[in-house]
Amino acid sequence: MNDSIGFLKSGSIGDGFLIRLNKTVNSESLQIGDFIVVQGDLYDYFGIIEDIRIGSSNEDIFFNPPENKVQKIAVKGAITFSELLVTPYLMIEKATNRVITIKTIPEHFSDARKANERDIRIVFGGNAEKAFYVGSPLTMDEQIYIDLEKLAKRNNAIFGITGSGKTFLGRIIFSGLIKHDVASLLIFDMHNEYGQFAKSEKKGKIKSLKGLFDAKVKVFDVSDKNSDADDFIKIPYKYITAADVAMLSSLLSYSQHSEETARIINKRFGDKWLKHVEELRSVTEAEREEKAKELGVNPSSLSALIRHLDKLLSLDFIQDITKDEDSSVKKILQYLKNGTSVVVQFSGKYANKPLAYFAVANIITRRIHELYASASEEERNKRIMIVVEEAHKLLSSDIKDKNIFGTIAREMRKYNVTLFVIDQRPSEIDSEVLSQVGTRFVMQLMDEKDMDAVFQGVGGGSRLKKILRTLQPQEVLLFGYAVMAPVPMRVREYGTNFYDEMKEGSSEPSPDDADNLY
Amino acid sequence: MKHIGEVITVRSDVLVAEGERSALPPLGTILKSDRGVLCLVVSHSIDNKIPGRMPIAYGKSIEQLEREQPQVFALMKWMFQAIPFGTLSEDSVELFLNKVVEIHTLLFETRKEERDLVFKELRFFDFLFSIDKSVFPQRDKIIVSLVNAYLNDLLEVKEDEYIRIFSYISKILRNDYQTLKYIMDGVGI
Ligand SMILES: Nc1ncnc2c1ncn2[C@@H]1O[C@H](COP(=O)(O)OP(=O)(O)OP(=O)(O)O)[C@@H](O)[C@H]1O
Ligand SMILES: [Mg+2]
């Protein structure tokens, strides 16, 4: 074949393939992250350029280097050379096009070429029933599909610095999950980007999930001022435990001492504890002291607790509701069970208020998980995926054991509830939780700690890190359970074409159609 | 066609041929025998016809000497050495020798098309670099003029030919960059 760019010079499965480039191939025509196929006799070996290097076999050349272009070309290949380091991931059986993970290597001098459209289709073309087109290779226009079913079976994460495109990628993936009825999403929408509309830095106001899937998405808001919302969040006092409050301790400037006091009161009054504390807000000093004595706590501790809980109790959506039916939790769960996704928004005075966000996310999630976990197996046949932004605040090492998100992360498969975390600081997420993330979408990261964190426990992580360093905004390195091999890709454009494809009844460009070209 | 020289000594590695005064082929010339044996001119010498005779110095210019003592030149013979390297057939060149060169074989100039056939075979350069530099110290200069002559005769795309030839030479000389650079610099395009 004349599309050969070089040949296999040396290598191993573990260390990768060293490809010597033909002298006519300009190293600049290849980029880190490009897909390469090395052609063996029985298999095509599919891999990714992990590094590109130039070298020389005779150092004398640097004492009197070639002076002009023709001299430079003349010595290339014999004295100077360019090489690719390619990490092989998969083998495509030539006879059947079956794709398997790498198990052997081809012989010396096997031809190497850039992966073509056909290779990409075989590897990422989505033979799965619920395959969804999410992007393209960095330097090609071919479509890359992910298997939504596989994706939804485990926890997932999108990591990246601000502006890298996390929210847009998330919205694309969530659209796929909703359109294909793969999971009911419960999205805690910190910045109000997944409801009716969202803001784009480039395009201003754009459609979001509710805008695309009106019938399949409900929007709840903690603020009753949001006219786009279908319903409003109401959380009864009785749903809040001392442990929930402990979770929020840093936001409430809550001391160890108050934590203890709350625990005692919770133990004594059960689910009425917070209501009691609430009532104590407006009583006299003397009555408070009386109460403290009754509870067996120090009066000053009680006053401190009341003071500390003030911010929480001032949240309007935490109310004295007695009937479970009136709480939003029940309604949300009903929607999720029916396959409707729910977006919880934080608008008006609750916009960008971490306390409201984390209180709601934590309390609702815990409650829903409890209800779902205690339901019968057929009742929880709908898969629920819980989406949280700035997840490290819920999943850091010091608190992951104290809250529901750590539990879901660990038990994901047990109850058919999984997490989808979106975060800028993966290094601050507990490593055990990270190890439970099935598919990782890693976008641009700047901090070394964060880069190391996303590859923790990933074979060949240090090589993928080289690729990660080269990513631009709107590009992602995707690896894990839902794809056969790590893929650096350009996330598809979220815009009118995408909206059209998401419309009810319209089918996406099917990989099968593309196959018919051959 | 007039011949350039006549073989008067045959050794396995080199031929000695007698040429004519003022008409010795330049170093690096490719000649052929009437039976198609190709050889490369690698050195020149001028010797006495009479063994043991020793020329003496006259202290005159060549022109003066020719006028006044023409017999001096008649006592000399003009010779060159050439290394056979291949055989010419109809439209190709074989780079091995399947014919013995007979004594008194006449050597002729080659035509451009014939030399082009030689250069088509990159293995020709393996032959050139197998010439022992300690025996023929002019080897590299010979190669430079040979390649220069060839490229100068080309009508078009000299650059491609340069690259083709030097890519091959680079492989041969990968461990002798000094020589490679000398030859590359000597060959202009
Ligand atoms: N797939 C896409 N299609 C179209 N535009 C995109 C896409 N991805 C990113 N963008 C553009 O880049 C901007 C930033 O993307 P996005 O809001 O997703 O970043 P982010 O990583 O979520 O940042 P932050 O951490 O600040 O929330 C968007 O406003 C949009 O203009
Ligand atoms: Mg965002």
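Residues numbered from 1 in each chain as written. Chains lettered and ligands numbered in written order. Predicted model: local features only at pLDDT ≥ 70, side-chain atom pairs only at ≥ 80, totals over all residues. Heavy atoms only, no water.

### Considerations on the layout of surface pockets
Residues and elements named next belong to chain A. Looking at the largest pocket, its volume works out to about 1,000 Å³. Along its surface, the largest pocket is lined by 42 residues, and Thr167, Phe168, Glu193, Lys199 and Glu201 are the ones closest to its centre. Secondary-structure elements contributing two or more residues to the lining of the largest pocket are α4 (166-179), β12 (197-200), β13 (204-207), β20 (417-423) and α19 (496-502). A total of 4 residues in the lining of the largest pocket trace back to one element, the largest contributor, which is β12. The residue inventory of the lining of the largest pocket, partitioned by class, reads 10 nonpolar, 18 polar and 14 charged. (1 Å grid on protein atoms, 1.4 Å probe; cavity = no way out; pocket = protein on both sides within 12 Å on 5 of 7 lines; lining within 4 Å. Points joined across faces, edges and corners; volume = space filled by probe spheres on them. Helix = DSSP H or I, 4+ residues; strand = E, 2+ residues; numbered from the N terminus. Nonpolar A, V, L, I, M, F, W, Y, C, P; charged D, E, K, R; others polar.)

### Details of the pattern of salt bridges
One pass over the structure, following the stated rule, counts 55 salt bridges over all chains. As a salt-bridge pair, Arg263 of chain A and Glu260 of chain A come within 2.9 Å of each other at their nearest N and O atoms. Remark: Glu260 of chain A and Arg263 of chain A occur in helix α8 (residues 256-269); sequence separation between them is 3 residues, near one turn of the helix. Of the residues examined, Arg263 of chain A reaches a relative accessible area of 46% and is grouped as partly exposed. A salt bridge links Glu20 of chain B to Lys2 of chain B; its shortest N-O distance comes to 3.0 Å. You can see Glu20 of chain B sitting in the loop between β2 (15-19) and β3 (30-33) and its partner Lys2 of chain B sitting in the segment before β1 (5-10), a full 18 residues away along the chain. Judged by its relative accessible area of 52%, Lys2 of chain B falls in the exposed class. It is possible to trace a salt-bridge network through shared partners that takes in Asp44, Lys94, Arg113 and Asp119 of chain A. (Salt bridge = Lys/Arg side-chain N within 4 Å of Asp/Glu carboxyl O. Buried < 20%, exposed > 50% of the residue type's maximum accessible area, 1.4 Å probe, protein only.)

### Overview of the interface of chain A and chain B
Counting residues at the interface gives 16 residues for chain A and 16 residues for chain B. Taken together, both faces of the contact between chain A and chain B bury some 1,300 Å²; the carbon and sulfur share is 63%. Ranking the residues of chain A by area buried against chain B places Val70, Gln71 and Ala74 of chain A at the top, with a combined share of 37%. At the boundary of chain A and chain B, one finds 1 salt bridge. (Contact = heavy atoms within 4.5 Å. Buried area = accessible area lost by both parts, 1.4 Å probe.)

### Section: the site of ligand 1
All names here are of chain A. Among the 18 residues in the neighbourhood of ligand 1, the closest are listed as Thr162, Gly163, Lys166, Thr167 and Glu201. In this structure, Ser164 approaches ligand 1 through a main-chain N or O atom, which is 3.3 Å from an oxygen atom. Here Gln474 contributes a side-chain N or O atom positioned 3.4 Å from a nitrogen atom of ligand 1. Surface burial for ligand 1 is 90%, taken as the share of its 630 Å² of free accessible area covered by protein chains. Within the shell around ligand 1, the residues separate by chemical class into 5 nonpolar, 8 polar and 5 charged. (Near = heavy atom within 4 Å. Polar contact = N/O pair within 3.5 Å; in protein donor to acceptor, adjacent residues only side chain to side chain. Areas by Shrake-Rupley, 256 points an atom, 1.4 Å probe, with all protein chains shown as cover.)

### A closer look at the packing of helix α4 (residues 123-130) of chain B against helix α5 (residues 139-153) of chain B
Residue and element names in this part refer to chain B. Direction vectors running N to C along α4 and α5 enclose 150 degrees, while the axes themselves pass 10 Å from each other. When the axis of α4 is compared with that of α5, the two are roughly antiparallel. For the pair formed by α4 and α5, the contact residues are Phe124, Phe125, Leu128 and Phe129 on the first element and Arg139, Asp140, Ile143, Leu146 and Val147 on the second. Taken together, the residues of the contact of α4 with α5 break down into 7 nonpolar, no polar and 2 charged. (Axes fitted to C-alpha atoms, helices over the stretch in contact; angles between N-to-C directions. Parallel < 35°, antiparallel > 145°, perpendicular 65-115°, else oblique.)

### Observations regarding the domain arrangement of chain B
Residues and elements named next belong to chain B. Parsing chain B into structural domains produces domain 1 (1-113) and domain 2 (122-189). Relative to domain 2, the C-alpha centre of domain 1 lies at a distance of 23 Å. Each side of the interface is counted separately: domain 1 has 14 residues, and domain 2 has 11 residues. Our count for the domain 1 to domain 2 interface comes out at 0 salt bridges. Linking domain 1 with domain 2 are 0 residue pairs in polar contact (both at pLDDT 80 or more), by the criterion used here. (Domains from an automatic or database assignment.)

### Quick notes on the environment of Leu15 of chain B
Residues and elements named next belong to chain B. Looking at the element boundaries, Leu15 is found in strand β2. When the C-alpha atoms of Leu15 and Leu40 are compared, they prove to be 9.7 Å apart, with 25 residues separating the residues in sequence. Beyond its immediate chain neighbours, meaning those up to four positions away, Leu15 contacts Val7, Thr9, Val10, Cys39, Phe80, Gln81, Ala82, Pro84 and Val101.

### Here's the deal with the nonpolar core
When a protein is soluble and globular, its nonpolar side chains tend to lie buried together. Counting 149 residues, the largest nonpolar core has Phe174 and Leu309 of chain A as the members making the most contacts within it. The greatest single-element share of this core, amounting to 11 residues, is contributed by helix α13 (residues 354-374) of chain A. If we ignore the near neighbours within four places in the chain, the residues touching Phe174 of chain A are Leu185, Ile187, Tyr194, Leu209, Val387, Phe420 and Ile422 of chain A. Listed in part, the 45 residues of the second largest apolar core include Phe85, Phe119, Tyr150 and Tyr162 of chain B. (Core = buried A, V, L, I, M, F, W, Y, C linked by side-chain atoms within 4.5 Å.)

### Observations concerning the side chain of Ser223 of chain A
All names here are of chain A. For Ser223, the location among the structural elements is in the loop between β14 (217-221) and β15 (231-232). With a relative accessible area of 5%, Ser223 lands in the buried category. Apart from residues no more than four positions distant in its own chain, Ser223 is found in contact with Phe232, Ser347, Gly348 and Tyr350.

### What about the pairing of strand β21 (residues 437-442) of chain A?
Residue and element names in this part refer to chain A. Burial runs high along β21: 6 of the 6 residues are buried. Inspection of the sheet shows β21 paired to strand β22 (residues 475-480) by 4 bridges, in the antiparallel sense. Looking at the pairing, Val442 lines up with Leu477 of β22. (Pairing = 2+ DSSP bridges.)

### Some points on unusual backbone geometry
Residue and element names in this part refer to chain A. Its identity is not glycine, yet Asn97 carries a phi of approximately 65 degrees, on the positive side. Here Asn97 is to be found in the loop between β5 (80-93) and β6 (99-101). Under the relative-accessibility criterion, Asn97 is labelled partly exposed at 31%.

### Focus on the environment of Gly495 of chain A
Following the sequence through the fold, Gly495 of chain A ends up in the loop between β23 (487-491) and α19. C-alpha separation for the pair Gly495 of chain A and Lys207 of chain A, spaced 288 residues apart in sequence, amounts to 8.5 Å.

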